[in-house]
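Listed below, chain by chain, are the residues.
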Amino acid sequence: QVQLVESGGGLVQAGGSLRLSCAASGSIFSINAMGWYRQAPGKQRELVAGFISGGRANYADSVKGRFTISRDNAKNTVYLQMNSLKAEDTAVYYCNADVMTYYHGNLEVWGQGTLVTVSS
């Protein structure tokens, strides 16, 4: 199986920065896509930023210019650098990966979520 472990959430003042990390482990042959979603109270889960096939990064319009996604392929880890945080960025952030495994074919995997709270 495959596990995603997230870290880096917390409480920050508006205008501040946080860096999230997500490490994938397990029976991984390759990672097809990996990125971050978020879900605010009472709202649907939405894509924040992610790497898709071909290695391109895409971002939600609401975070362009403030958030940067990066990755370390050797560590199967993706990072989300969040700058100029706003109160509306408050949400639970989830890591997501589309993984080709050695024994179980293609899997979509979610992390447990990490809470980001931005105080205004």
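Counting of residues starts from 1 at the beginning of each chain's written sequence and follows it residue by residue. Local features are withheld for residues below a pLDDT of 70 in this predicted model, meaning they are given only at 70 or higher, and side-chain atom pairs are given and counted only at 80 or more; totals for whole chains, interfaces and linings count all residues. The side-chain numbers reported here are obtained from all heavy atoms of the structure, hydrogens and water having been left aside.

## Looking at the overall build of the protein
Per the secondary structure count, the protein includes zero helices and 11 strands. Along the protein, from the amino end to the carboxyl end, the secondary structure elements read β-β-β-β-β-β-β-β-β-β-β. Only the C-alpha atoms count toward the radius of gyration. The rule for a globule is 2.2 Å times the residue count to the power 0.38. Relative to the globule expectation of 14 Å for 120 residues, the C-alpha radius of gyration of the protein, 14 Å, shows essentially globular dimensions. Principal axes of the C-alpha set define a box for the protein whose edges measure 45 × 25 × 25 Å. Taking the average location of the 10 positive side-chain charges in the protein and that of its 8 negative ones, the two points are 4 Å from each other. In DSSP terms, a helix is any run of H or I states spanning at least four residues, a strand is any run of E spanning at least two, and both are numbered starting from the N terminus. Residues scored as charged are limited to Lys and Arg (positive) and Asp and Glu (negative), so that His and the chain ends carry no count. To locate a charge, take atom NZ for lysine, CZ for arginine, CG for aspartate or CD for glutamate.

## Let's talk about the side chain of Ser27
Turning to its location among the elements, Ser27 is positioned in the loop between strand S3 (18–26) and strand S4 (28–39). By definition in these notes, contact holds between two residues if any of their heavy atoms fall within 4.5 Å. With residues up to four places along the chain from it excluded, the contact list for Ser27 reads Gln1, Val2, Met100, Thr101, Tyr102 and Tyr103.

## Considering the environment of Gln13
With respect to the helices and strands, Gln13 occurs in strand S2 (residues 10–13). Taking C-alpha positions, Gln13 is 6.2 Å from Ser120, a pair spaced 107 residues apart along the chain. Look past the residues within four positions of Gln13 in its chain and what remains in contact with it is Val118 and Ser119.

## Notes on the sheet that holds strand S7 (residues 67–72)
One open sheet holds the four strands; their spatial order is S1-S3-S8-S7, and the pairing between them is antiparallel. Edge positions in the sheet fall to strand S1 (2–7) and S7, since each of these pairs with one other strand and no more. Pairs of neighbouring strands in the sheet enclose a mean axial angle of 15°, with direction left out of account. Sheet analysis places S7 next to strand S8 (residues 77–82), joined by six bridges and oriented antiparallel. If you follow Phe67 over to S8, its bridge partner there is Met82. A strand pair is defined by DSSP finding two or more bridges across the two strands. Axis lines are fitted through C-alpha atoms, for helices just across the contact stretch, and the angle between N-to-C directions can take any value from 0 to 180 degrees.

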